[in-house]
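A closer look at the structure
The chain contents come next:
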Amino acid sequence: MATLVEILSEKTREGDLYEKLPDKRVRCYACGHCCPIGDGLPGVCKVRFNRDGILYVPWGYAAGIQCDPVEKKPFFHALPGAMAFSFGMLGCDLHCGYCQNWVTSQALRDPQAVSAPRAVTPEQVAARAVELGGEIVVSTYNEPLITSEWAVAVFREARRHGLMTGYVSNGNATPQVLEYIRPWVDLYKVDLKSFHDPHYRQLGGRLQPVLDSIRLIYQMGFWLEIVTLVIPGFNDSDRELTEIAEFLSDISPDIPWHVTAFHQDYKMTAPDNTQAGDLLRAARIGRAAGLHYVYAGNLPGRVGEFEDTQCPGCGKILVERRGYRILGYHVTRSGTCPDCRQRIPGRWRN
Ligand code: SF4
């Protein structure tokens, strides 16, 4: 029986995001690692590899497909209540011990992570999204940056059906990959995991490329939302949360910041699960740093006003939520508050 490595080595095509180096070596630009890769070897993500001086990248399969509320991604300022058709491939450039998608993200790195790739075409993915009532197509479950060639092919088809598109990403990008996806990606969620470089190194990355990418994603006009999974003892000090919030507020106070609750998963089983009080503390730190839209996620009914979107001008509740359900929606067709007419940033229904 063929191994997963053998199966995946067939489901590839030549990548776009790389340059050739002397001696059949290549350099990949799909993520912030910018791996130099020798002939016959894979990059850090294990799913992009050099064969005879050509970089081959994942193509022609999905390892996960599901339709979820867009609030689950989470995007709170993009078509509230819409279904987001989500697809993923295999592999990741990081190896977070608490990954909730480790079965797909850690394939080829962790022998326990076994997930069968299913052959599909971009046309089939887009058609299925329409069939299931998706309004948004999202690349998620594995790190989308490292499978950007495939995501762009799917999004081209999604656009032909009038669908919005998005990335749910760790944000370890490069200017090259952001330029490459910009024409095809509307929404971009970055999981900002910490504000300390040693923490990022523990997860297999570095802090600076993520911070640089967040600035660039905002400047390039993607619709950007940030999530921080608040992990007791890892990133939940007042100081670190303040640093994150001030960094975002300095780029723009209009960037939504979601603070969400950690639960023990995969290899990270030592920290306690995050309590509602921890999320409320983090959310108040976000507000104090000047952020207009701070959300406390995944503990529905226990975080009060931090589930709703409030007008920063007059305080009116504009989108009322309970978990992933929309209970009230009052943003005008032109994307403003109906009472004070303040513009509410996002991608609203018109
Ligand atoms: S996607 Fe990132 S980890 Fe994978 S080969 Fe390219 S630069 Fe390396």
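Check the entry above for the structure.
To start, this report covers the structure provided alongside it.

1. Let's talk about the pattern of salt bridges
For the structure on display, the rule yields 17 salt bridges. Put simply, arginine 48 and glutamate 149 hold a salt bridge, and the shortest N to O gap is 2.9 Å. Here arginine 48 is found in the loop between strand 4 (36-37) and strand 5 (49-51), whereas its partner glutamate 149 is found in helix 4 (residues 148-160), with 101 residues between them in sequence. Between arginine 239 and glutamate 243 there is a salt bridge; the shortest N-O distance is 3.6 Å. Residue arginine 239 and its partner glutamate 243 are located together in helix 8 (residues 238-251), separated by 4 residues, close to a single helical turn. A single network of salt bridges, built from pairs that share partners, joins Asp68, Lys72 and Lys73.

2. Regarding helix 7 (residues 207-219)
Here helix 7 contains 13 residues, and its C-alpha end-to-end distance of 19 Å stays within 8% of the 18 Å for a straight helix at 1.5 Å per residue. Buried within helix 7 are the following residues: Leu207, Pro209, Val210, Leu211, Ser213, Ile214 and Ile217. Elements in contact with the buried residues of helix 7: helix 5 (175-181), strand 13 (187-191), helix 6 (197-203), strand 14 (223-230) and helix 8. Glycine 221 lies just past helix 7 and shows a positive phi near 90°.

3. Some details on the nonpolar core
Ranked by internal contacts, the top residues of the largest apolar core, which has 74 residues, are Tyr188, Leu192, Ile214 and Trp257. Contacts of tryptophan 257, omitting those with residues within four sequence positions, involve Ile226, Thr228, Leu241, Ile244, Ala245, Leu248, Ala282, Gly286, Leu291, Tyr293, Val294 and Tyr295. Counting 12 residues, the second largest nonpolar core, distinct from the first, contains Val138, Met164, Leu187 and Trp223.

4. Observations regarding the packing of helix 8 against helix 9 (residues 276-288)
The N-to-C vectors of helix 8 and helix 9 enclose an angle of 45°; their axes lie 9 Å apart at closest approach. One finds that helix 8 runs oblique with respect to helix 9. Relative to helix 9, helix 8 is oriented so that their crossing is right-handed. Residues Asp238, Leu241, Thr242 and Ala245 of helix 8 touch helix 9, and the partners they reach there are Arg281, Ala282, Ile285 and Gly286. Here the contact of helix 8 with helix 9 is composed, by residue class, of 4 nonpolar, 2 polar and 2 charged.

5. As for the side chain of serine 169
Of note, serine 169 is situated in strand 12 (residues 164-169). On the basis of relative accessible area, serine 169 is assigned to the buried category, the value being 4%. Ignoring any residue separated from it by four or fewer positions in sequence, one finds serine 169 in contact with Glu143, Pro144, Leu145, Tyr188, Lys189, Val190 and Asp191.

6. Let's talk about the sheet that holds strand 19 (residues 325-329)
Pairing is antiparallel in the open sheet, where 3 strands are placed in the order 17-18-19. The sheet terminates laterally at strand 17 (309-310) and strand 19, the two strands that pair on one side only.

7. Considerations on the packing of helix 7 against helix 8
When two helices pack together, their arrangement is given by the angle between their axes and by how far apart the axes lie. It is at 10 Å that the axes of helix 7 and helix 8 come closest, and there the two elements cross at 30°. The pairing of helix 7 with helix 8 is recorded here as roughly parallel in orientation. In the crossing of helix 7 with helix 8, the sense of the turn from one axis to the other is right-handed. Note on element contacts: helix 8 touches helix 7 through Phe247, Leu248, Asp250 and Ile251, opposite Leu211, Ile214, Arg215 and Tyr218. Tallied by class, residues from the contact of helix 7 with helix 8 come to 6 nonpolar, no polar and 2 charged.

About the criteria used
Residues numbered from 1 in each chain as written. Predicted model: local features only at pLDDT ≥ 70, side-chain atom pairs only at ≥ 80, totals over all residues. Heavy atoms only, no water. Salt bridge = Lys/Arg side-chain N within 4 Å of Asp/Glu carboxyl O. Helix = DSSP H or I, 4+ residues; strand = E, 2+ residues; numbered from the N terminus. Expected span 1.5 Å × (residues − 1). Buried < 20%, exposed > 50% of the residue type's maximum accessible area, 1.4 Å probe, protein only. Contact = heavy atoms within 4.5 Å. Core = buried A, V, L, I, M, F, W, Y, C linked by side-chain atoms within 4.5 Å. Axes fitted to C-alpha atoms, helices over the stretch in contact; angles between N-to-C directions. Parallel < 35°, antiparallel > 145°, perpendicular 65-115°, else oblique. Left-handed = near helix turned anticlockwise from the far one by under 90°. Nonpolar A, V, L, I, M, F, W, Y, C, P; charged D, E, K, R; others polar. Pairing = 2+ DSSP bridges.

Treat this as a map of the structure, not an account of what it does.
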